[in-house]
Amino acid sequence: MKRLETDELWTAVDTYIADHLVGDDKILDAALEASEAAGLPPINVAPNQGKFLMMLAQAIGARRILEIGTLGGYSTIWLARGLAPGGRLITLELDPRCADVARTNLARAGLAECVEVRMGRALDTLPSLTAEAPFELIFIDADKPSTPDYFEWAIRLSRPGSLILVDNVVREGAILGADSDDPHVRGIRRFYELAAADSRVSGTVLQTVGQKGHDGIAILRVTGAA
């Protein structure tokens, strides 16, 4: 086998996994194409990661899912496909352009009836969700400096047994930089500190490599009352 550079190898393995275990999906391909055409940043989860999100939702029988950070709705589609019958997903987005693209992609996927895209700054809209809580699965994939605040809200809006997923928590190893002045790194390091100190959650982090580079996803289970 031809020796590939590390990034090329990771991408090739991602493609191999997706070809064998994810398969082609015209709806998801169209969502990515629409996002690219609208000029959205190509920072959506990889296909194998998207299916992982769906399977987690299915495994816990999630009827209420909250997503913080919609982008073009690619991960939203995967999560919504994992909803239990009659379930509902709320996804929070600040950028009107992203919200418009996501709504179109969700409608094309036949998910407009079970997914609501709520516009606004997440830290302003999260308090309004208390009446719709608890959520069984919460996926945080938004601005990294605010991750600690999103995490604290996720616990408040959950119940024992809920899963909280936080994306991009390795950042190519930059989290090791205790003296980093990068607000993204500082936000993620503060999230680790909060998660480690909070007795209401138990979690771990899986490092990931692939077409999105070297990163990781935190998976936390709520074990105590919020």
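Fair warning: this is a prediction, and the values are worked out from it, not measured in the lab.

Draft legend 1. View of helix α4 (residues 74–81). Extensive coverage of α4 is indicated by the burial of seven of its eight residues. Along α4, the residues that are buried comprise Tyr-74, Ser-75, Thr-76, Ile-77, Trp-78, Leu-79 and Ala-80.

Draft legend 2. Looking closely at the packing of aromatic side chains. All told, the structure shown has two aromatic pairs when counted by the stated rule. Here Phe-151 and Phe-191 contribute two aromatic rings whose centre-to-centre distance is 5.1 Å and whose plane-to-plane angle is 85°, an arrangement assigned as edge-to-face. With Phe-151 in helix α7 (residues 147–156) and Phe-191 in helix α8 (residues 183–197), this residue pair connects regions lying 40 residues apart in the sequence. When its relative accessible area of 1% is taken as the criterion, Phe-151 is described as buried. Classification of Phe-191 as buried rests on a relative accessible area of 1%. Taken together through their ring pairs, the aromatic side chains of Phe-151, Phe-191 and Tyr-192 make up a single cluster.

Draft legend 3. Seen up close, the pattern of salt bridges. Across all of its chains, the model carries 11 salt bridges by this definition. The salt bridge partner of Arg-159 is Glu-136, with a shortest N-O separation of 3.9 Å. In this pair, Arg-159 sits in the loop between α7 and β5 (163–167) while Glu-136 sits in the loop between α6 (122–125) and β4 (137–140), placing the two residues 23 residues apart along the sequence. Judged by relative accessible area, which is 7%, Glu-136 ranks as buried.

Draft legend 4. Seen up close, unusual backbone geometry. Residue Pro-134 is bonded to the preceding Ala-133 through a cis peptide linkage, with omega at 10°. Backbone geometry places Leu-71, a non-glycine residue, at a positive phi of 55°. You can see Leu-71 is positioned in the loop between β1 (64–68) and α4. Not every positive phi belongs to a glycine, and Asn-168 is a case in point at roughly 65°. Here Asn-168 shows up in the loop between β5 and α8. Using a relative accessible area of 18% as the deciding quantity, one classes Asn-168 as buried.

Draft legend 5. Structural context of the environment of Ile-60. Looking at where Ile-60 falls in the secondary structure, it is placed in the loop between α3 (47–59) and β1. The exposure class of Ile-60 is partly exposed, given its relative accessible area of 32%.

Draft legend 6. Fine view of helix α5 (residues 96–108). Taking 1.5 Å of rise per residue, the 13 residues of α5 would be expected to cover 18 Å, and the 18 Å separating its terminal C-alpha atoms lies within 8% of that figure. Put simply, Asp-95 is the residue that caps the front of α5, since its side-chain oxygen is 2.8 Å from the backbone nitrogen of Arg-97. A positive backbone phi angle near 75° is found at Gly-110, which sits one or two residues after α5.

Draft legend 7. Highlighting the packing of α3 against α4. Axis separation between α3 and α4 bottoms out at 7 Å; the angle between their running directions is 30°. Here α3 and α4 pass one another in a crossing that is right-handed. Judged by residue contacts, Pro-47, Gly-50, Lys-51, Leu-53, Met-54, Ala-57 and Gln-58 of α3 engage Tyr-74, Ser-75, Trp-78, Leu-79 and Arg-81 from α4. Per-class residue counts for the contact of α3 with α4 are seven nonpolar, three polar and two charged.

Criteria and cut-off values
Residues numbered from 1 in each chain as written. Predicted model: local features only at pLDDT ≥ 70, side-chain atom pairs only at ≥ 80, totals over all residues. Heavy atoms only, no water. Buried < 20%, exposed > 50% of the residue type's maximum accessible area, 1.4 Å probe, protein only. Helix = DSSP H or I, 4+ residues; strand = E, 2+ residues; numbered from the N terminus. Phe/Tyr/Trp six-rings, centres within 6.5 Å; stacked < 30°, edge-to-face > 60°. Salt bridge = Lys/Arg side-chain N within 4 Å of Asp/Glu carboxyl O. Expected span 1.5 Å × (residues − 1). Polar contact = N/O pair within 3.5 Å; in protein donor to acceptor, adjacent residues only side chain to side chain. Axes fitted to C-alpha atoms, helices over the stretch in contact; angles between N-to-C directions. Left-handed = near helix turned anticlockwise from the far one by under 90°. Contact = heavy atoms within 4.5 Å. Nonpolar A, V, L, I, M, F, W, Y, C, P; charged D, E, K, R; others polar.

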